[in-house]
Amino acid sequence: MSLSIALPTRRALPAREVTPHQALLFALGMVVMWAVWAGYFNTAQFGDNIEQFNWAQSLELGYHKHPPLPSWALGSVIKVFGPSVYWAYLLATLCLLGTALLTWQIGRELVGERAAAAAIVLWGLNMTFSQRVQLYNHNTVLVLFMAASTWFAMRASRARRDAPLWWLATGLAAGAATLSKYQALVPLAGLLFALVASGRVRDRSQWGGLLLAVVVMGVVCAPHAVWVAQHDFSTLRYASEAIEVAGWRQRFGFVVSFFANQVRLWSPTLLAIGLCWAWGRLAPKIDKRLSPAQAPAADLQIWLIGLLWAGIVVLIVMALAAGASLRNHWGVQGLQFFCLWLAWRWQRRAAIDLRRLLGAALVIHGASLAWYAAEHEDPTTVLTSRRIDTMYPARRLARTAVAHWAATTECPLRYVEGSVFDAGLVSLYSGGQVMVFDSDRATPWVRPEDLQRDGALFVLDQGDPVPDGVISVVPFDLVPNRPDLAHRALRLGVRLPARPCAGD
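What counts as what
- Residues numbered from 1 in each chain as written.
- Predicted model: local features only at pLDDT ≥ 70, side-chain atom pairs only at ≥ 80, totals over all residues.
- Heavy atoms only, no water.
- Helix = DSSP H or I, 4+ residues; strand = E, 2+ residues; numbered from the N terminus.
- Rg over C-alpha atoms; globule rule 2.2 N^0.38 Å.
- Buried < 20%, exposed > 50% of the residue type's maximum accessible area, 1.4 Å probe, protein only.
- Expected span 1.5 Å × (residues − 1).
- Arc of directions from axis to C-beta.
- Contact = heavy atoms within 4.5 Å.
- Axes fitted to C-alpha atoms, helices over the stretch in contact; angles between N-to-C directions.
- Parallel < 35°, antiparallel > 145°, perpendicular 65-115°, else oblique.
- Left-handed = near helix turned anticlockwise from the far one by under 90°.
- Nonpolar A, V, L, I, M, F, W, Y, C, P; charged D, E, K, R; others polar.
- Disulfide = S-S within 2.5 Å.
- Phe/Tyr/Trp six-rings, centres within 6.5 Å; stacked < 30°, edge-to-face > 60°.
- Core = buried A, V, L, I, M, F, W, Y, C linked by side-chain atoms within 4.5 Å.
- Salt bridge = Lys/Arg side-chain N within 4 Å of Asp/Glu carboxyl O.
- Polar contact = N/O pair within 3.5 Å; in protein donor to acceptor, adjacent residues only side chain to side chain.
- Bend = angle between axes of the 7 residues up to and from the residue.
- Pairing = 2+ DSSP bridges.

A. Structural view of the overall build of the protein. Along its length, the protein carries 18 helices and five strands. On C-alpha atoms alone, the protein measures out to a radius of gyration of 26 Å, which is about the 23 Å that the 2.2 N^0.38 rule sets for 504 residues. In terms of its C-alpha atoms, the protein occupies a principal-axis envelope of roughly 100 × 75 × 50 Å. Burial statistics for the protein: of 504 residues in total, 53% are counted as buried.

Okay, here's the thing in structure tokens:
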């Protein structure tokens, strides 16, 4: 008698379900992966990173364009651990990891655990949170503290004994969001609407806690508000530069252009959803193996209005009624919770298969990483009309500039002036000890008389006039050994110190 055992075929084996926590870890891992990838392939940094490094050279209560918190954070890290070109990368990564974790917690309460996990994977596919993960600016810090404000307020509205601590944390986070960027006032107003309209703030103690949060936020922002008043409201005047004299056709153009760019940034996310839909059409049905989806919160629609739609309406009104030319980066925070809406709508139509979603996300991330590497390996990319900040030959520029100074004078190099981005690159990639001078308003901690006394290295664009007293002007080719591209050269010059120094 023979005994045979029938083994199940590969098709009959049940596919293992990906858990929400595994999906969350995948999304967090991709944030880190993109930061490491950029750190390896980038030859320079985004202009906003350089601006933060320039401002971080002095811890002020405010800066001429923006509130101070992002620069404080970077400056504090530099003072404690010393200068490094990678501090902006690290801070940007930490901010986005924190944003992802807090958004996950918010999503678990509003749309359920599986949809929240899908939302974080979709969030991580947005170009701002993948290909630009190393970008450290005011938006990077803003999205972190807006997510924190939202989550703390949710906890505070449900807590009993420890509610005052959660309201205190809400006020601190809201103050930090405002000190990151004034745009925070719009989503904070939306958060207040959601708290009240959803009925989460009912009794006297909760209203008292909400008042505590508002007071704490005011106390946190007060020193900066005094600074703004003392400095001729320069930050508010900078923000008002978006208001233009425009006709109705141009105003509609502002709206169309803004949302077209947001679609571009979210296109990897939308592609992942499309791939999952196509996969589901081709593969056998597997919905039965998925655990039941958690029902969304009863007040989800109200929270979506407060966290998402209200801010979008404000942007549209600003463009159409006030003539504001909508800046593309306003969408970083304005749509930071868009992923929750996408996941919720997806879950309403069909069960979310996290295994398929992770497969699609892995394919898209992999293709994007390969494209990013190829683009940054081509030195002629700096000749394109696109934004090429991260492809500048920063280290070669810094070495050449410092060597040119040393060949002209034996005095120590203390200041660099000229094109702010290029001057910042020279400062950062030469060790971060050289101070950048922009203007009396932008960098008041460096005085013009300091540059006269100690001299300065100048980095000039090709068309910039040579300032008085600047000598030894030499070209710097962005792409070496290409004389036909001389129009893409910078120029390096030296203003000698007015006082004698060692070696003279």
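B. Molecular detail of helix α8 (residues 185-197). Relative to the 18 Å expected for 13 residues at 1.5 Å per residue, α8 spans 18 Å between its end C-alpha atoms, a close match to the ideal helical length. Along α8, the residues classified as buried are P187, L188, G190, L191, A194 and L195. Along the axis of α8, the buried positions cluster into a sector of 155 degrees, meaning they face one direction only. Packed against the buried residues of α8 are α6 (138-158), α7 (163-180), α9 (204-230), α12 (300-322) and α13 (330-334). Downstream of α8 by one or two residues, G199 has phi in the positive range, about 80 degrees.

C. Representation of the packing of α6 against α8. Two numbers describe how α6 lies on α8: the axes approach to 11 Å, and their chain directions differ by 20 degrees. Comparing their axes, α8 and α6 come out roughly parallel. Read as a crossing pair, α6 and α8 show a hand that is right-handed. Contacts between α6 and α8 pair M146, S149, T150, A153 and S157 from the former with P187, L188, L191 and L195 from the latter. Considered class by class, the residues forming the contact of α6 with α8 number six nonpolar, three polar and no charged.

D. Representation of the state of the cysteines within the structure. On inspection of all chains with the given rule, the structure shows zero disulfides. Distance from the sulfur of C95, which forms no disulfide, to the nearest cysteine sulfur (C339) is 17 Å. Among the residues examined, C95 registers a relative accessible area of 9% and is labelled buried. Cysteine C339 shares no disulfide, and the gap to the nearest cysteine sulfur, in C276, comes to 15 Å.

E. Just the side chain of D299, in detail. Tracing the backbone through its elements, the reader meets D299 in the loop between α11 (248-282) and α12. Judged by relative accessible area, which is 12%, D299 ranks as buried. Among all residues touching D299, those that are not within four sequence positions of it are L110, S198 and R200.

F. Spotlight on the packing of aromatic side chains. Taken as a whole, this structure holds 15 aromatic pairs when the rule is applied. Pairing F81 with W87 gives two aromatic rings, centres 5.8 Å apart and planes at 45 degrees, and the pair type is tilted. Looking at F81, the relative accessible area reads 62%, which means it is exposed. A relative accessible area of 17% places W87 in the buried class. For the ring pair W309 and W341, a centre distance of 5.6 Å and an interplane angle of 85 degrees mean the geometry is edge-to-face.

G. Main features of the nonpolar core. Of all hydrophobic cores here, the largest spans 133 residues; its most connected members are L110, L357 and L425. Ranked by the residues each element gives to this core, the list is headed by helix α4 (residues 87-110), at 13 residues. Excluding its chain neighbours within four sequence positions, the residues that come into contact with L357 are A118, V121, L122, A272, C276 and W346. Counting eleven residues, the second largest nonpolar core, distinct from the first, contains F437, V446, L460 and V470.

H. The pattern of salt bridges, seen in detail. The full count for this structure, using the stated rule, is 14 salt bridges. In this structure, R200 engages D299 in a salt bridge whose closest nitrogen and oxygen atoms are separated by 2.9 Å. Placement of the pair is R200 in the loop between α8 and α9 and D299 in the loop between α11 and α12, with a sequence separation of 99 residues. Of the two residues, R200 and D299, both sit in the buried class.

I. Here's a closer look at the side chain of H66. Its location among the elements puts H66 in the loop between α2 (47-55) and α3 (69-81). Judged by relative accessible area, which is 14%, H66 ranks as buried. Leaving out residues up to four positions away in the same chain, H66 has contacts with W55, H138, K181, T235 and Y238.

J. Up close: the environment of R495. In this fold, R495 is placed in strand β5 (residues 489-495). A residue is classified by how much of its surface remains accessible, and R495, at 14% relative accessible area, is buried. As a C-alpha pair, R495 and V466 span 29 residues in sequence and 11 Å in three-dimensional space. Excluding residues that lie within four positions of it along the chain, R495 makes contacts with W405, E417, Q452, G455, A456, F458, P467, D468, G469 and V470. One polar contact links the side chain of R495 to the main-chain carbonyl oxygen of D468, over a distance of 3.0 Å.

K. Spotlight on α9. Taking 1.5 Å as the rise per residue, α9 with 27 residues should run 39 Å; its terminal C-alpha atoms sit 38 Å apart, in good agreement. At A222, α9 shows its largest bend, some 45 degrees, and a proline, P223, comes one to four positions later. Packed against the buried residues of α9 are α6, α7, α8 and α10 (234-239). Backbone geometry just after α9 places D232 at a positive phi near 60 degrees.

L. Geometry of the sheet that holds strand β1 (residues 415-418). Taking strand neighbours across the sheet as the criterion, the five strands line up as β2-β1-β3-β5-β4 in an open arrangement whose pairing is mixed. The sheet is open, and its two edges are formed by β2 (435-437) and β4 (470-477), each paired on a single side. Here the strands of the sheet are splayed against their neighbours by 25 degrees on average, with no regard to which way each runs. Relative to strand β3 (residues 456-460), β1 runs parallel, the two being bridged by three bridges. Bridging from a neighbouring strand, V416 pairs with L457 of β3. Each of β3, β4 and β5 is contacted by helix α16 (residues 394-408), which is oriented at about 30 degrees to β5, the strand it contacts most.

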